[in-house]
Amino acid sequence: MNKKFLVTCGIAFALIALAFLFFPAKDKKKTAQTNNSTDVNDTSTRTSSGFSNFSDAPNPGNEDSSLEAEAEKLWPHLAKQDTSAKKKEKVREEWNAFATKYPKNFYIPTELRPPMTEAEAAEKRREIDIVSKIDSKLAVFEVNARKSEPGSAVPKAPAKADITPEEQRIYIGFKTKELESRIQLIEYSIESSGINGDQLTIARKDISAWKKELTDLQEVERKIPNS
Amino acid sequence: MKLKSIKLLIIALSLCTASLSAQVTVQQLFQKPGVIGDSLSQGFYGVTVEKKTQDWAYPVLVSKQAGSSVSYNTLKGPYANLEDILKLNCGPICLASGIIGGNESTVALPTHAGITGADYTNALYTSGKCEDIRATKQAKQWYWETWYWYTYRWVTVPDCVDSDKFHQYGLRDSGTQIQVMEKVKPTFLFGTVAANHVLCTALATNLACLDQARFTKDIRESMRRLAAMGSLKGGVLFTVPNVTAIGYLEKYTDPQNRPGFSGRKAFYRSSVSSADQVLDDTEITTITNFLTVLNNEVKAQATAMGFAVADAKLLFDDIKENGRPIKSPSGYSPGSAKANWPLPNQPGLFGLDGVHPNMYGHAVMANELIKAINAKYGVAIPQVSEYNAWYYDELNRNPVDLKNFLTNNIIGQAISWIIGIFA
């Protein structure tokens, strides 16, 4: 095996040496030609690239044809990707149809809603701050719970709350709205025959769990003091 | 000219010598690659896993470059591809389908078992069916003790609580990640599942999840079982980058200079109302020390297993400091990519969560692994063209500046999902 390998290496070695001794000028010329042709192709792709960032970037396949094959091999989704204006318009129409039925749904994209005032935007940022703060707190509690031994003492609620009633109301309000909207979105998709097969079974199970979660949230909301 | 030829001859000769000294060939190494891992290996991409993103994940790229392949159950969620939502590429039914999640396609036994959110403990004990396969409960077992006395005894039975959807759809009924490998018996292993032992600190800005004893015990047990398979000819591990320097966190200086209020906060947070919402210097030091212990253990395990090691921590530090140059074959360059999501006129390696690599970022990661594998085993797996990956990366070429979308409802929910999965 090693002998064979040595012979192959020797032949390859000799061929490379010969190639460099006899064809150096031609290779140089080829490199120059490649660069020139790249410049030409680069100009032609500038207008048709469809990319907003670095729209003048040369198509790799135009510079080295092996890169086109590499892209096909490594990223098969590229061949199927549809980012056309037509597709975007179709998606916009789908959202509009959904928004007609559920105008207040949480998931309707911002572009299809009336613009926010500065005060509304500030309120939204505050809401995200509060929601992520409480979500992080709950995640940490869960991490600690995972470490606890079965049957060990369960941590008791502290005598004083570490969040304000207003924060909890905002948190529960966000979670309720999100869950209601999520249920609307899935039910709408089932009605439109957009969810089939295995996903339909999962969807029905999920909706039932989310409805239970909603009831729990509504119960907690009723317990929040006014101040 | 002659000097050039001589140089080339020397290179050719040294390549031959290196190949001769190699213990195994690429074909032998990659006869059957196997993967255990987390969101990085599964291809989690702000905030979901789908076929497209699974296909561009680093183990898939490295295996293809090595002339081989890995097989996996492909997913269509759970959750949502934030980039597609913000770019209006996904309508209500597409979003609904993502939130529910499911399988796009399945295989009888995946050779790639990497699952989002997993660490070494999950690799050992979380299957597609049960959150913890070790969990048991006491149950009554009824039987005839004598011919006239029907009674019961207490027996220990499995207590299977459903695992999360990434495990359910990714592993299905194949067992845990390690059990999958024991069935597959791979010749080469992508074996890193370390990041979630420490990433949780950055995402929840809290140290509660750090557990050195559990990490050490479970990485060692994982490697022990993998070595016991007897099939491995090689493998690769990588160190975990400095999680306190990821794009998800940004520097914050408290205007009132309150103790514990300055440090690093989540990028989406507009204000800091409690010390819990930042990682201060003391906490960052604790995380850094934990990371050093964790990475030393990863390197020690790689040495013991005879695996290659890619120093992803060093790589990330370098990119953070100097960027990653991008150059086309003709020399065109959009500049150097930064360790964040891409912006107009600024390439970037990460997706919109500031935690996980984009398609281009995975190509960079794959190349670092390829370099480590080539160096360790004396093989010559070709690298991926990073220019090619950048050129076709939809987020790099049509970027979305998430900071302009922070008032979108979906952002609040996406953050909840991320905290829920990784914290």
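Residues numbered from 1 in each chain as written. Chains lettered and ligands numbered in written order. Predicted model: local features only at pLDDT ≥ 70, side-chain atom pairs only at ≥ 80, totals over all residues.

Regarding its fold elements, chain A presents nine helices and zero strands. In chain A, the succession of α and β elements from N to C terminus is α-α-α-α-α-α-α-α-α. Out of the 227 residues belonging to chain A, those deemed buried represent 19%. The long-range fraction of contacts in chain A, counting pairs at least 24 apart against all pairs at least 6 apart in sequence, stands at 59%. (Helix = DSSP H or I, 4+ residues; strand = E, 2+ residues; numbered from the N terminus. Buried ≥ 20, exposed ≤ 12 C-beta atoms within 10 Å, placed from the backbone. Contact = placed C-beta atoms within 7 Å.)

Residues and elements named next belong to chain B. Membership of the largest hydrophobic core comes to 149 residues, with the highest contact counts inside it found for Leu203, Val236 and Leu369. Of the residues forming this core, the biggest block, eleven residues, is contributed by helix α15 (residues 359-377). Ignoring any residue separated from it by four or fewer positions in sequence, one finds Leu203 in contact with Tyr248, Ile418, Ile419, Phe422 and Ala423. Tyr252, Val272, Leu279 and Ile284 belong to the second largest nonpolar core, which has five residues in total. (Core = buried A, V, L, I, M, F, W, Y, C linked by C-beta atoms within 7 Å.)

Okay, the interface of chain B and chain A next. The parts lose accessible area when they come together, and the size of an interface is often stated as this lost area. Taken together, the contact pairs 70 residues of chain B with 73 residues of chain A. Elements that contribute at least two residues to the side of chain B that touches chain A include exactly α1 (2-21), α4 (51-55), α5 (58-65), α7 (92-100), α16 (386-391), α17 (394-397) and α18 (409-422) of chain B. Its residues placed into classes, the side of chain B that touches chain A shows 39 nonpolar, 25 polar and six charged. (Nonpolar A, V, L, I, M, F, W, Y, C, P; charged D, E, K, R; others polar.)

With that out of the way, let us pick up the domain arrangement of chain B. According to the domain assignment, chain B consists of domain 1 (2-128 + 165-422) and domain 2 (132-162). A C-alpha centroid distance of 43 Å is found between domain 1 of chain B and domain 2 of chain B. (Domains from an automatic or database assignment.)

All names here are of chain B. The N-to-C vectors of helix α12 (residues 212-228) and helix α13 (residues 281-305) enclose an angle of 15°; their axes lie 11 Å apart at closest approach. When the axis of α12 is compared with that of α13, the two are roughly parallel. When you trace α12 past α13, the crossing you get is right-handed. For the pair formed by α12 and α13, the contact residues are Gln212, Phe215, Thr216, Ile219, Met223 and Ala227 on the first element and Phe290, Val293, Leu294, Glu297, Gln301 and Met305 on the second. (Axes fitted to C-alpha atoms, helices over the stretch in contact; angles between N-to-C directions. Parallel < 35°, antiparallel > 145°, perpendicular 65-115°, else oblique. Left-handed = near helix turned anticlockwise from the far one by under 90°.)

Now for α5(B). Residues and elements named next belong to chain B. Counting buried positions over the eight residues of α5 gives seven, a clear majority of the element. Regarding α5, the residues found buried are Tyr58, Pro59, Val60, Leu61, Val62, Ser63 and Gln65. Two residues or fewer past α5, Gly67 is found with a positive phi of approximately 80°.

With four bridges connecting them, strand β8 (residues 249-252) of chain B and strand β9 (residues 263-266) of chain B associate as antiparallel partners. Along β9(B), the bridge assignment pairs B:Tyr252 with B:Gly263. (Pairing = 2+ DSSP bridges.)

Glancing now at helix α7 (residues 118-147) of chain A. Under the 1.5 Å per step criterion, the end-to-end length of α7(A) is 44 Å for 30 residues, consistent within 8% with the ideal 44 Å. All of the buried residues along α7(A) are A:Ile128, A:Asp129, A:Ile130, A:Val131, A:Ser132, A:Lys133, A:Ile134, A:Asp135, A:Ser136, A:Ala139 and A:Val140. Residues of α7(A) that are buried sit in contact with α8 (165-191) of chain A together with α11 (199-204), β9 and α18 of chain B. (Expected span 1.5 Å × (residues − 1).)

This part takes up the environment of B:Pro259. Structurally, B:Pro259 is set in the loop between β8 and β9. Classification of B:Pro259 as exposed rests on a count of 8 C-beta atoms within 10 Å.

So, on to the sheet that holds strand β10 (residues 278-279) of chain B. All names here are of chain B. Taken in spatial order, the three strands make up an open sheet running β8-β9-β10, and their pairing is antiparallel. Strand pairing shows two members of the sheet lacking a second neighbour, β8 and β10, which therefore form its edges. With two bridges joining them, β9 and β10 adopt antiparallel strand pairing. The residue bridging Arg264 from the neighbouring strand is Leu279, located in β10.

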